[in-house]
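# Notes for the structure review
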Amino acid sequence: MSMLFSDNVDSFNTCNTNINLIVADNRSEVLAWLSLLEPKLRHQDVQGRRVEDVGGWLLKTEEFKSWNNSSGEQGCDKAVLFCYGDPGVGKTFISSLVVDTLCDQARGQDTAVACFYFEFAARKEQSATNMLGSLLRQVVSGMETLPKEVLQAFQEQKKVIGGRAPQLEEIVKMLQTITSSRRTYICIDALDECAVAHRVKVLNSLNKIIEKSPATRLFVTGRPHIRAEIEKRLAAQVASVPVGPSKDDIITYVRVRLDEDETPDAMDESLEADILKKIPEKTSEMFLLVSLNMEAILQESTTHRRRQRLGTMIDGSGLEEAYGATIERIKSQNGDKAKLGMAALMWICHAERPLQADELCHALAVELGSTDFNAGNVPSIATLVNCCQGLITVDKEASTVRLIHFTLQEYLFAHPDLFPRPHATMAEICLTYLNSRQVKAISAHHPPNLPDTPFLQYCSIHWGAHARRDLSGCAKLLALRLFEEYDCHVSTQLLLKEERPLDKDPWGIDCLFTGLHCASFFGIVELAAALMEMESYDVNAQDISKLAPLSLAAERGHEGVVKILLERQDVNPNIRDVWNETPLSLAAGRGHEGVVKALLERQDVNPNIGDIWNITPLSSAAGNGCEGIVKILLERQDVNPNIGDRWDKTPLSFAAEDGHEGVVALLQSHKSVIPSEI
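A quick note: this is a predicted structure, and the numbers were derived from the prediction, not measured. All residue numbers refer to position in the chain's written sequence, counted from 1. Local features in this predicted model are restricted to residues whose pLDDT is 70 or higher, and side-chain atom pairs enter the listing and the counts only when it is 80 or higher, whereas totals over whole chains, interfaces and linings include all residues. Hydrogens and water are ignored here; the side-chain numbers use all heavy atoms of the structure.

### Regarding the sheet that holds strand S7 (residues 392–395)
A pair of strands counts as paired when DSSP detects no fewer than two bridges linking them. Strands are runs of DSSP state E lasting at least two residues, helices are runs of H or I lasting at least four, and both sets are numbered from the N terminus onward. The three strands are arranged S6-S8-S7 in an open sheet whose pairing can be described as antiparallel. Bordering the open sheet on either side are strand S6 (355–356) and S7, each of which pairs with just one other strand. Alignment of S6 against strand S8 (residues 400–403), held across two bridges, turns out to be antiparallel. Residue pairing in the sheet places Gln356 in a bridge with Thr400 of S8. Contacts are residue-level and defined by heavy atoms, with any inter-residue pair within 4.5 Å sufficient. Axes here mean lines fitted to C-alpha atoms, for a helix over just the part in contact, with angles spanning 0 to 180 degrees between N-to-C directions. Lying over the sheet, helix H2 (residues 39–49) contacts S7 and S8, oriented at roughly 120° with respect to S7. Lying over the sheet, helix H15 (residues 337–350) contacts S6, S7 and S8, oriented at roughly 95° with respect to S8.

Given below as structure tokens:
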């Protein structure tokens with residue numbers, strides 16, 4: 001199937017002018033600033049796995065034709081087409097078909113096409129801001145020159161705190177302006193897999209875009225339970241179509257799988273005919289169930305065993321039985337296949353982010369208790385896919401490994417007995433790897449060759465998240481061993497590079513980041529307590545950004561670590577970082593109420609200290625709409641609610657300018673607030 005993409009890898013878009021294919025460094029920098037998410041990779045993977053002609057029925061419906069052909073004039077047309085269906089009915093493949101159809105249709109037209117695929121496993125990174133930023137990036141990257149609104153916003157952000165990411169409101173305004181002048185299609189798959197808090201912001205933002213840009217068309221897929229929410233938040237501009245595979249779609253899919261059979265000698269005409277007859281009859285409601293049954297049948301190596309598997313296949317529309325039966329097959333495999341299959345499922349299910357294929361393979365090669373990493377122990381990704389009996393898949397474009405469907409993740413979460421203490425195990429594996437002789441030999445003065453050590457970055461950045469959830473005795477000992485040389489360990493530099501991308505490049509610089517800094521950063525109370533008992537640790541030591549352990553814990557909302565630090569009388573609660581922010585300011589502006597309360601219990605804390613712009617904790621909380629923290633601060637007699645920053649903006653001004661009505665009301669009701677300062 002042909003598809004129209006520009007040569008710019010960021011874009012689905014086509015324009016009726018020739019695009020300069022030489023992308024300037026500044027252009028690339030601007031596009032990366034808008035969003036680092038790359039939905040095109042996910043699209044290309046789904047496109048590659050989609051069976052031709054399956055789902056084509058949707059394109060022939062009156063709802064799709066009307067949505068696609070409408071002009072949007074006078075507000076009489078439905079701007080949104082919502083395709084809903086139960087899990088596993090093929091909604092994502094239909095989304096990719098619609099994207100491809102629109103790209104083909106846009107050939108030679110001044111039309112933009114942008115898409116986004118929500119994924120349950122990527123909820124943390126797929127925020128409303130990142131998602132809308134990705135749409136904006138796709139829309140503008142196909143243009144010969146970037147719009148002035150985008151360039152101006154990029155230049156303006158460089159003037160504050162050394163550069164910051166675009167804010168959601170900025171992105172929405174830019175999309176409103178840019179899409180109002182050209183036909184734009186926005187396709188969003190699996191909106192139900194977006195975190196609820198983000199989904200509200202996404203829908204409200206899309207509604208604002210559609211209101212200002214009547215020619216924009218929005219295509220959305222999701223489960224039925226979000227239909228009412230979509231219709232409510234998109235101002236009833238929604239046409240809805242139920243999605244489910246037709247019998248012809250199922251037969252076409254089964255024929256394709258049979259043609260791809262890697263063991264054709266284990267198939268005869270009679271068995272093939274029975275498969276084509278029985279599977280569409282018994283599993284016609286769900287593509288996912290068809291896929292699992294076909295995988296189970298084709299995994300067998302003889303005609304007899306395949307016929308047996310066909311006779312015992314899972315029917316009906318329930319997935320729980322299918323997942324349970326498949327996991328039992330994984331456990332019954334010979335040799336180390338069962339162990340590899342279950343370990344792969346554990347990592348994919350509980351990882352902090354989607355794993356690259358080589359990351360997963362190296363994770364499964366780590367041997368607990370060993371000080372050496374044996375590269376000869378690394379399984380191939382093909383072996384892992386085979387061991388998992390069709391429950392995992394590899395996105396070829398992004399090289400990430402995924403569960404076959406988000407309902408499998410829900411199933412695994414609902415059956416915790418399958419993986420006893422997964423986070424403790426994963427922390428132990430990460431720390432074993434970081435303590436290995438091979439990793440410790442890597443210099444911290446130069447960026448490491450990550451292709452040679454693919455598991456290094458994940459371990460460096462995420463071991464603490466697993467340890468915070470469940471710290472075993474083994475992981476504690478391994479972490480303390482890591483901290484013995486943490487200041488010169490490569491993982492320290494990788495962590496700082498990831499968490500502070502706008503700071504100075506850490507390579508070759510003494511970052512002054514100790515084990516206590518690390519334990520405070522991750523919020524691991526037991527580790528922080530153990531380190532504080534050691535005389536070698538200075539509880540007020542500041543790293544290269546002048547962040548003390550208390551500052552790191554306060555900034556990230558780790559109340560437990562904050563409390564044990566504050567128990568020490570020698571801990572300075574007013575210590576300032578490179579921006580002159582105190583722990584109280586860091587916590588107040590980020591909405592960490594428990595941390596704010598703990599800090600204010602110290603008699604020597606000063607709640608009026610401003611940062612380098614003289615923005616106080618109260619101003620920071622007010623400007624970010626942290627109503628609970630504003631109330632806590634206003635209850636104190638020593639808090640001055642009228643302190644202005646270097647531009648004379650008071651807390652009331654910050655709250656009013658950012659539209660935080662509840663905070664404004666709180667401040668105006670306080671007897672000491674000067675009303676004229678708004």
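### Some remarks on the packing of aromatic side chains
In summary, the pairing rule links any two rings of Phe, Tyr or Trp, Trp by its six-membered ring, whose centres are within 6.5 Å, and it sorts them by plane angle into stacked for under 30 degrees, edge-to-face for over 60 and tilted for everything else. Overall, the coordinates contain 21 aromatic pairs when judged by the stated rule. One aromatic cluster is present, built from ring pairs that chain together Trp463, Phe483, Tyr486, Phe513, Phe521 and Phe522. The rule for a charge over a ring is simple: NZ of Lys or CZ of Arg within 6 Å of the ring centre, and within 35 degrees of the ring normal. Over the face of the ring belonging to Trp647 we find Arg646, whose NZ or CZ atom lies 5.4 Å from the ring centre.

### Some thoughts on the side chain of Gln333
In this fold, Gln333 is placed in the loop between helix H14 (320–331) and H15. For Gln333, a relative accessible area of 15% translates into the label buried. At 2.9 Å, the side chain of Gln333 and the backbone oxygen of Cys387 are in polar contact. Contacts of Gln333, omitting those with residues within four sequence positions, involve Ala338, Asn386, Cys387 and Gln389. Remark: exposure states derive from per-residue accessible area (1.4 Å probe, protein chains only) relative to the maximum for the residue type, with buried under 20%, exposed over 50%, and partly exposed in between. Within 3.5 Å is the distance limit for a polar contact, defined as a pair of N or O atoms, with the added protein rule that one can donate a hydrogen and the other accept it, and that residues adjacent in sequence qualify only through two side-chain atoms.

### Remarks on empty space enclosed by the protein
Here a cavity denotes grid points, spaced 1 Å and computed from the protein atoms alone, that fit a 1.4 Å probe unable to get out, and a pocket denotes an open set having protein on both sides within 12 Å along at least 5 of 7 lines; residues with an atom within 4 Å of a point are the lining. Grid points are joined across faces, edges and corners, and a volume is the space filled by probe spheres set on the points. A complete count under the given rule lists two cavities of 30 Å³ or more for this structure. Roughly 40 Å³ of volume is contained in the second largest cavity. Lining the second largest cavity are Val366, Glu367, Ser370, Asp372, Phe373, Thr432, Tyr433 and Ser436. Only Asp, Glu, Lys and Arg are considered charged in this grouping, and only Ala, Val, Leu, Ile, Met, Phe, Trp, Tyr, Cys and Pro are considered nonpolar; every other residue, Gly among them, is considered polar. Each residue belonging to the lining of the second largest cavity can be placed in one class, and the counts come to three nonpolar, three polar and two charged.

### Some thoughts on the nonpolar core
The tendency in soluble globular proteins is for nonpolar side chains to be buried as a group. Grouped together as the largest cluster of nonpolar side chains are 118 residues, with contacts concentrated most on Trp347, Phe455, Trp463 and Phe483. Here this core takes eight residues from H15, the largest share from any one element. Both of domain 2 (247–317) and domain 3 (609–677) provide at least three residues apiece to this core. Not counting residues within four places of it along the chain, the set of residues in contact with Phe455 comprises Trp347, Glu359, His362, Ala363, Val366, Ile429, Cys430 and Tyr433. Nine residue types can take part in a nonpolar core, namely buried Ala, Val, Leu, Ile, Met, Phe, Trp, Tyr and Cys, and a core is a set of them joined through side-chain atoms within 4.5 Å. Annotation comment: domain bounds sourced from an automatic or database domain assignment.

### Let's talk about the UniProt feature "domain: GPI inositol-deacylase winged helix" (unreviewed entry) in the chain
As recorded in UniProt, the feature "domain: GPI inositol-deacylase winged helix" (unreviewed entry) lies at residues 339–414. Within residues 339–414, the helical portion is 46% and the strand portion 13%, while the C-alpha atoms at the span's ends are 20 Å from each other. UniProt positions are given in the numbering used here, feature names are shortened, and annotations may be inferred rather than shown by experiment.

### Focus on the packing of helix H7 (residues 168–179) against helix H8 (residues 196–212)
Running from N to C, H7 and H8 point in directions that differ by 30°, and their axes come no closer than 8 Å. One element, H7, and the other, H8, form an angle in the roughly parallel class. Handedness of the H7/H8 crossing: right-handed. Contacts between H7 and H8 involve Leu168, Val172, Leu175, Gln176 and Thr179 from the former and Lys201, Ser205, Lys208, Ile209 and Lys212 from the latter. Of the residues contributing to the contact of H7 with H8, the split by class is four nonpolar, three polar and three charged. Note on terminology: angles under 35 degrees are roughly parallel, angles over 145 are roughly antiparallel, angles of 65 to 115 are roughly perpendicular, and the others are oblique. Definitions for this section: a left-handed crossing has its near helix turned counterclockwise from the far helix by less than a right angle. A right-handed crossing has that turn clockwise.

### Structural notes on the domain arrangement of the chain
Considered domain by domain, the chain is made up of domain 1 (19–242), domain 2 (247–317) and domain 3 (609–677). Computed from C-alpha atoms alone, the centre-to-centre distance between domain 1 and domain 2 is 36 Å. Counting from both sides, the interface comprises 10 residues of domain 1 and, opposite them, eight residues of domain 2. What gets called buried area is simply the loss in accessible area from a 1.4 Å probe that two parts show on being joined, summed for both. Between domain 1 and domain 2, a total of about 630 Å² is buried, with carbon and sulfur atoms accounting for 68% of that surface. Of all residues in domain 1, Val51, Val54 and Gly88 bury the most surface against domain 2, accounting for 61% of the area lost on that side. Across the contact surface, domain 1 and domain 2 share three residue pairs in polar contact (both at pLDDT 80 or more). Across the side of domain 1 that touches domain 2, the residue classes break down as five nonpolar, three polar and two charged.

### Here's the deal with the pattern of salt bridges
Each reported salt bridge corresponds to a side-chain nitrogen of Lys or Arg within 4 Å of a carboxyl oxygen of Asp or Glu. Under the counting rule described, the total for this entry stands at 32 salt bridges. The salt bridge involving Glu300 is made with Arg305; its shortest N-O contact spans 3.0 Å. Residue classification places Glu300 among the buried residues on the basis of a relative accessible area of 10%. Across the pair Glu555 and Arg590 runs a salt bridge, and its minimum N-O distance is 3.5 Å. Here Glu555 is found in helix H26 (residues 549–555), whereas its partner Arg590 is found in the loop between helix H28 (583–588) and helix H29 (593–600), with 35 residues between them in sequence. On the basis of relative accessible area, Glu555 is assigned to the partly exposed category, the value being 24%. One connected set of salt bridges, linked through shared partners, spans Arg42, Asp45, Arg49, Glu119, Asp395 and Arg402.

### Re the sheet that holds strand S3 (residues 183–189)
Pairing is parallel in the open sheet, where five strands are placed in the order S2-S3-S4-S1-S5. The open sheet has two free edges, formed respectively by strand S2 (111–117) and strand S5 (238–242), since each of these has just one partner strand. Averaged over all adjacent pairs, the angle separating strand axes in this sheet is 15°, with direction ignored. Sitting on the sheet, helix H5 (residues 128–141) is in contact with S2 and S3, with an inclination near 150° to S2.

### A look at unusual backbone geometry
Despite not being glycine, Gln389 shows a phi value in the positive range, around 55°. Structurally, the position occupied by Gln389 is in the loop between helix H17 (381–387) and S7. Of note, the phi angle at Asp648 is positive, near 65°, even though the residue is not glycine. Here Asp648 is to be found in the loop between helix H31 (627–634) and helix H32 (651–657). Since its relative accessible area comes to 60%, Asp648 is described here as exposed.

### A short note on the packing of helix H10 (residues 247–259) against helix H12 (residues 287–299)
Here H10 crosses H12 at 25°, and the two axes come no closer than 11 Å. It follows that H10 is roughly parallel to H12 by the angle criterion. Two packed elements cross with a definite hand, and for H10 against H12 that hand is right-handed. Taken together, the residues of H12 that come into contact with H10 (itself represented by Asp249, Ile250, Tyr253, Val254, Arg257 and Leu258) are Phe287, Val290, Ser291, Met294, Glu295 and Leu298.

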